[in-house]
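If you want the building blocks of each chain, they are given just below.
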Amino acid sequence: MRTGTAGPTRWPTITKDTGSFAVRPNLADYEATRRTFSWDQARNELSGLPGGQGLNMAYEAVDRHVVRGQGGREALRFIRADSGVQSLTYLELAGQSGKFATVLRELGIRRGERVFSLLGRCPDLYAAVLGTFKNGSVFCPLFSAFGPEPVRQRLHLGAARVLVTTRALYRKKVAPLRDSLPDLHVVLLVDADGTPEPETLDLAELMAAAVPLRDIEVTRPDDMALLHFTSGTTGTPKGAVHVHDAVTAHYATGRFALDLHPDDIYWCTADPGWVTGMSYGIIAPLVHGVTVVVDEEELDAERWYRILAEQRVTVWYTAPTALRMLMKAGPDKAAGHDLSALRFVASVGEPLNPEVVMWGQDVLGLPVHDNWWQTETGGIMIANYPAMPIRPGSMGRPLPGIEAGLVARDADGKPLLRDGEALLVNDPDSIGELALRPGWPSMFRGYLNEEERYRRCFAGGWYLTGDLARRDADGYYWFVGRGDDVIKSSGHLIGPFEVESCLMEHPAVAEAGVIGVPDPVAGQLVKAFVELRQGYGQSEELRLDIIGFARKRLGAAVAPRLLDFTPSLPRTRSGKILRRLLKSRELGLPEGDLSTLEQAPEQRP
Ligand code: ATP
Ligand code: MG
């Protein structure tokens, strides 16, 4: 299977002076690190619970630093809406989370029971996450902008026992449906201010009376710690189950892909309602003892540049959609902000267009590292990581401890097996389904209540990711598209990412979403939806110009035949373009599960 062009190779490889990266020496040699690394080695670098038994995420993230005399270090730095700053040390965070654990215990919440949050990025959230682990219970973050029904659905699916939220969110999204949630035993309000709402409790009051839990519940590496709902890009969100041992992967990947050192000022912009906001917004950086910047506000170009500069951020983890937003805001916005502390930018969640990597190089003067992973993998699997030359448009190479492969598929998209083993595609530039050898610590252990769906993710010795990719001769992986988004046109297999990235090179195009629409002759035709940059108006002339531009670069077989302008592309709240919605709207089909659809501000619940 081939696509019509060899697009990615048009971009220059970015080699870096790794000397300026303060990369740990053992990272400089990718191959050697892969050969010598083992998960047990990473596990041994963590301390485990005192007394030699058990592994607990919260202990590794917080208490371990206190025990080692590092409790005075700054753990969290909250940037308030008014730009005021509130800091919490590791010692304070250990105390706060210990108190939350006591609150749970005194309320009779036991190990394995589920604690949900419906909160923005406030200090109580961090105490709740870590305190839940300390009590041996399971944490499940929800995105605070969900509407009442998606909230109810997830609380119900996850059998929530406790919900931590604000008064306003509770009134609007939970109270009207509370009767249908008989398992929901306790609702804790972070802002009750002494006057709790009926059927809720005042968290501050309970915390004030609590003594930090002395003995962290002894959890084993395989005990459930987190429940994460996927982004819902392809359909109904699934509840992925993760265990305490995931912290081993957060630790190792935090080192390999994010190059975290204790003196780093680190900022992850992902909402804690998504897996990135949890794994890399809370756990991985705290395990490394860094200072984590938390912006309590939403995405805004001016504010973001200001935070990067004023807080002297050294490592920044964000998403392509945010970077494209900064690009759209123009280079002037970047100018005048001192980003000299920043070593590199890492990106995850969606394919990172080469155009964005080149923009990072030109405008920010910084390398932008792509990272690929999923809710299911629990941690970064493939990355263009700091010690490696960047190939713009590529996701990079598998991390140490990760074995990736491309599984061949039959005409129906099913994996091809021989003697029980999956057949792999090894020819450079051929496309296969990206697959991973099971066995890394942060791998999900099931979809909640969906045994069959979980089972279907594995075949012939591999975990199948549902994404299609190719690999070049040097082992770099190139994302082609989600299995469901890939377009078949006149015998060509076309990845929407390649077409979208090409369209973005046109000066008028800010963002693009590409789908296949049925055609009696070609099977499918490529159709693009395009958001224009500021200063460009829609016209037939521009439409034809963009199509002509793509045709010149991609060839007639791959370039879009059809192109519509749109004021904004539909996205999930985690920032991914919802191609399935573009498609169902185009074809007049039912729109499916839209619980994670980002709405225009005026439509937000
Ligand atoms: P659902 O599984 O509910 O449809 P989702 O797959 O979008 O939603 P996530 O687990 O949040 O939910 O996202 C993982 C997916 O995001 C990957 O499978 C891949 O399709 C995409 N993705 C993540 N990072 C990258 C990347 N660096 N390049 C390309 N695609 C990426
Ligand atoms: Mg998925």
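For clarity, every value in this text was computed on a predicted model and none was experimentally measured. (Residues numbered from 1 in each chain as written. Chains lettered and ligands numbered in written order. Predicted model: local features only at pLDDT ≥ 70, side-chain atom pairs only at ≥ 80, totals over all residues. Heavy atoms only, no water.)

1. Examining the packing of helix 12 (residues 320-329) against helix 14 (residues 354-364)
Angle between the axes and distance between the axes: these two values describe a pair of packed helices.
Thinking step 1. Two elements in contact, helix 12 and helix 14, have axes whose closest approach is 10 Å; the angle formed by their N-to-C orientations is 60 degrees. Between helix 12 and helix 14, the angle falls in the class oblique. The handedness of the crossing between helix 12 and helix 14 is left-handed. When helix 12 is examined against helix 14, the residues L323, R324, L326 and M327 are found in contact with a partner set consisting of E355, V356 and W359.
Thinking step 2. Taken together, the residues of the contact of helix 12 with helix 14 sort by class into five nonpolar, no polar and two charged. (Axes fitted to C-alpha atoms, helices over the stretch in contact; angles between N-to-C directions. Helix = DSSP H or I, 4+ residues; strand = E, 2+ residues; numbered from the N terminus. Parallel < 35°, antiparallel > 145°, perpendicular 65-115°, else oblique. Left-handed = near helix turned anticlockwise from the far one by under 90°. Contact = heavy atoms within 4.5 Å. Nonpolar A, V, L, I, M, F, W, Y, C, P; charged D, E, K, R; others polar.)

2. Quick notes on the pairing of strand 13 (residues 344-348)
Thinking step 1. Of all five residues in strand 13, five are buried, a share of seventy percent or more.
Thinking step 2. Side-chain alternation along strand 13 places F344, A346 and V348 on one buried face and V345 and S347 on a second face that is also buried.
Thinking step 3. Pairing analysis gives four bridges linking strand 12 (residues 315-318) to strand 13, with the strands arranged parallel. In the sheet register, V315 faces strand 13, and the bridge partner there is F344.
Thinking step 4. Regarding topology, helix 14 serves as the crossover connection from strand 13 to the parallel strand 14 (residues 368-372), and that connection is right-handed. (Buried < 20%, exposed > 50% of the residue type's maximum accessible area, 1.4 Å probe, protein only. Pairing = 2+ DSSP bridges. Right-handed = clockwise from strand over helix to strand, strands pointing away.)

3. Looking at a negative patch on the surface
Thinking step 1. A cluster of acidic residues, E297, E298, D300 and E302, forms a negative patch at the surface.
Thinking step 2. For E298, the position within the fold is in the loop between strand 11 (291-295) and helix 11 (301-310).
Thinking step 3. Given the relative accessible area of 55%, E298 is considered exposed. (Patch = residues over 30% accessible without salt bridge, like charges linked within 9 Å, V, L, I, M, F, W, Y side chains within 5 Å. Areas by Shrake-Rupley, 256 points an atom, 1.4 Å probe, with all protein chains shown as cover. Salt bridge = Lys/Arg side-chain N within 4 Å of Asp/Glu carboxyl O. Lys, Arg positive; Asp, Glu negative; His and termini not counted. Charge placed at Lys NZ, Arg CZ, Asp CG, Glu CD.)

4. Some points on the domain arrangement of the chain
Thinking step 1. Partitioning the chain into structural domains gives domain 1 (397-441 + 459-482) and domain 2 (487-569).
Thinking step 2. Between the C-alpha centres of domain 1 and domain 2 there is a distance of 28 Å.
Thinking step 3. Counting residues at the interface gives six residues for domain 1 and six residues for domain 2.
Thinking step 4. For the pair domain 1 and domain 2, the summed buried area comes to about 400 Å², and 61% of that belongs to carbon and sulfur atoms.
Thinking step 5. A per-residue breakdown of the area domain 1 buries against domain 2 is headed by I431, F479 and V480, which together make up 64% of the total.
Thinking step 6. Here domain 1 is connected to domain 2 by one salt bridge.
Thinking step 7. At the junction of domain 1 and domain 2, the tally comes to zero residue pairs in polar contact (both at pLDDT 80 or more). (Domains from an automatic or database assignment. Buried area = accessible area lost by both parts, 1.4 Å probe. Polar contact = N/O pair within 3.5 Å; in protein donor to acceptor, adjacent residues only side chain to side chain.)

5. So, the side chain of N135
Thinking step 1. When you line up the elements, N135 lands in the loop between helix 5 (123-134) and strand 4 (138-142).
Thinking step 2. One polar contact links N135 to R105, side chain to side chain, over a distance of 3.3 Å.
Thinking step 3. Sequence-distant contacts of N135, that is, excluding residues within four places in its chain, are made with A101, L104, R105, I109, R110, R111 and E217.

6. Description of the sheet that holds strand 2 (residues 85-89)
Each strand in a sheet pairs with its neighbour through backbone hydrogen bonds, running either in the same direction (parallel) or in the opposite one (antiparallel).
Thinking step 1. Read across the open sheet, the nine strands follow the order 2-1-11-10-12-13-14-15-16; overall the sheet is mixed. Only two strands of the sheet have a single partner each, and these edge strands are strand 2 and strand 16 (397-398).
Thinking step 2. Sheet topology places strand 10 (residues 265-268) next to strand 11; three bridges connect them, and they run parallel. Note on strand 11: the bridge partner recorded for Y266 is V292.
Thinking step 3. Lying on the sheet, helix 10 (residues 275-287) is in contact with strand 1 (74-79), strand 10, strand 11, strand 12 and strand 13; it crosses strand 10 at an angle near 165 degrees.

7. Re the pattern of salt bridges
Thinking step 1. By the definition in use, this model includes 44 salt bridges.
Thinking step 2. E113 is the partner of R161 in a salt bridge, and the nearest nitrogen-oxygen pair spans 3.4 Å. Taken together, the residues R161 in strand 5 (residues 160-165) and E113 in the loop between helix 4 (90-106) and strand 3 (114-118) connect sequence positions 48 residues apart.
Thinking step 3. Here E505 makes a salt bridge to R553, at a shortest N to O gap of 3.6 Å. One end of the pair, E505, is in the loop between helix 16 (496-504) and strand 26 (509-519); the other, R553, is in helix 17 (residues 540-554), with 48 residues separating them in the sequence.
Thinking step 4. Residues participating in the shared-partner salt-bridge network are R324, K328, E350, E511, E531 and R571.

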